Structure formats: C-alpha cells, structure tokens
Amino acid sequence: YFINEEFAFYLSFENGLIKRSLNISYENTANPSLGSKARYKDYVRIMVPQNSEIAKVRILSGGDILEQDPEIEDLHGRREAGVVFEIAPGQKKVISFSWESPAFLDFSQKGEYKLYVRKQAGSKNALINLNMIPPAGPKYGSTPSFSLTREGAYVYNTNLSRDLFSRIYW
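What comes next is a walk through the structure. (Residues numbered from 1 in each chain as written. Predicted model: local features only at pLDDT ≥ 70, side-chain atom pairs only at ≥ 80, totals over all residues. Heavy atoms only, no water.)

**Some words on the pattern of salt bridges**
Test applied: What makes a salt bridge here is a side-chain nitrogen of Lys or Arg within 4 Å of a carboxyl oxygen of Asp or Glu, nothing more. Note on exposure labels: buried denotes an accessible area under 20% of the residue type's maximum, exposed denotes more than 50%, and partly exposed covers the range between, all computed with a 1.4 Å probe on protein chains only. Under the scheme used here, helices are H or I runs from DSSP no shorter than 4 residues and strands are E runs no shorter than 2 residues, and both carry numbers assigned from the N terminus.
Enumeration over the complete set of coordinates arrives at nine salt bridges. As a salt-bridge pair, Asp74 and Arg79 come within 2.6 Å of each other at their nearest N and O atoms. Classification of Arg79 as buried rests on a relative accessible area of 16%. Note that Arg167 and Glu112 form a salt bridge whose closest N and O atoms lie 2.4 Å from each other. Of this pair, Arg167 sits in strand E15 (residues 164–169) while Glu112 sits in strand E10 (residues 112–117), and the two are 55 residues apart along the sequence. With relative accessibility at 31%, the residue Glu112 sits in the partly exposed group. Ionic contacts of the salt-bridge type, sharing partners, join the residues Arg45, Arg78 and Glu80 into one network.

Put into structure tokens, the structure is as follows:
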C-alpha cells in the first residue's frame with residue numbers, strides 16, 4: 001500500500017553489443033512511527049536473453065551505493081537475475097540492473113529490436129521511461145512512437161498499466 005515504483009530502461013547499441021540497464025525506483029511512504037511493521041522487504045528479478053552477461057546489481061540509497069552479486073538462473077530459454085532488498089519507512093532506493101549481449105544486428109539493412117516488459121500482477125500502474133540511443137545512420141521508427149528528445153536519443157514514457165511490448169525498427 002505504501003510503496004511507489006518507477007522504472008527507467010536504457011538501451012544502446014555499441015561495438016557489437018546491446019547494452020541495457022533497468023533502474024527501479026522504490027519509495028516507502030509509510031509513516032516511520034509504524035516501526036518495523038512498515039519495513040518493505042522484497043525480492044526483485046529481471047528476465048533477460050539467455051546469452052546476456054549480467055553485472056553486479058547496484059542499490060542506491062541516499063548517497064550510498066551498494067553493489068551486490070545477483071542470484072542468476074538459466075530457465076526456460078532465458079536468464080533470470082534477482083536480489084533481496086529492504087526499505088524502511090520514509091526511505092527511497094533505486095535497484096539498478098545492467099546487462100549486455102552480442103548484437104547480431106545489421107543496421108545497413110532493414111531490421112528490428114523488440115522489448116517486452118511484463119507488468120507484475122497486482123502491482124500499481126507504475127511509470128516507465130524507455131530510453132534508446134541507436135547507432136547513427138539509419139532512420140528509426142517505433143511502436144509505440146518514441147520521441148526524438150535530443151540528437152540521437154529516443155524516449156517513450158507511459159504508465160505500466162499492462163504488459164508493454166515495444167518494437168524499434170530501421
């Protein structure tokens with residue numbers, strides 16, 4: 001009831017790699033006078049392509065940064081990575097996952113990149129911000145439509161009221 005979430009996804013294509021990161025911001029709005037009953041403890045995981053290399057998860061709280069090895073499991077053709085974290089009442093934290101995989105993409109020919117974000121059942125309609133920095137050259141389009149916000153960067157913002165499927169094509 002007291003937890004607000006917000007997601008920021010970053011995507012770039014560099015040196016034959018697809019680099020991605022997902023920052024999940026949590027805020028516990030419970031009154032601190034509720035004590036330990038208002039502490040929020042969760043296990044958060046991401047599901048990524050099985051050929052992905054996953055970096056240490058960064059947990060940002062105030063000015064502190066904690067790096068943690070995620071639990072990683074290959075399952076059903078994908079790689080899953082997760083961490084346990086806790087947030088006290090009145091506290092904010094950002095859980096940051098980063099991963100990369102080989103880019104078998106040829107930007108000199110027509111192609112596409114697909115992103116699927118699954119909404120957690122029962123969760124609130126959290127904000128999600130998708131950010132893409134494609135390689136220079138081709139003309140890009142997307143479904144839903146991304147906005148060109150600065151030279152070479154595309155952004156799409158929405159509420160995660162249901163699963164989100166995004167297609168970027170060139």
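**What about the pairing of strand E11 (residues 126–133)?**
Selection rule: By definition, two strands form a pair when at least two bridges between them are found by DSSP.
Across seven bridges, the pairing between strand E1 (residues 3–14) and E11 is parallel. In the strand pairing of E11, Phe9 is matched with Leu130. In this sheet, strand E14 (residues 153–160) lies alongside E11 in antiparallel orientation, the contact comprising seven bridges. What sits directly across from Asn131, in E14, is Val155.

**Some remarks on the packing of aromatic side chains**
To keep things clear, this is the line we draw: Stacked, edge-to-face and tilted labels apply to pairs of Phe, Tyr and Trp rings (six-membered ring for Trp) whose centres lie within 6.5 Å, assigned for plane angles under 30 degrees, over 60, and everything in between, in that order.
In this structure the tally under the stated criterion is eleven aromatic pairs. Counting every residue linked through ring pairs, the aromatic cluster contains Phe13, Phe107, Tyr113, Tyr140, Tyr154 and Trp170.

**Remarks on the sheet that holds E10**
Where we set the bar: Lines fitted to C-alpha atoms define the axes, with helix axes restricted to the stretch in contact, and inter-axis angles between N-to-C directions lie between 0 and 180 degrees.
Read across the sheet, three strands follow the order E10-E15-E12 without closing on themselves; strand pairing throughout is antiparallel. Where the open sheet ends on each side, the last strands, each with one partner, are E10 and strand E12 (141–143). On average, adjacent strands in this sheet sit at an angle of 15 degrees to one another, irrespective of strand direction. When E10 meets E15, the two strands line up antiparallel, connected through six bridges. When the sheet's bridge partners are listed, Val117 is paired in E15 with Leu164.

Any functional reading would require information that these geometric values do not contain.
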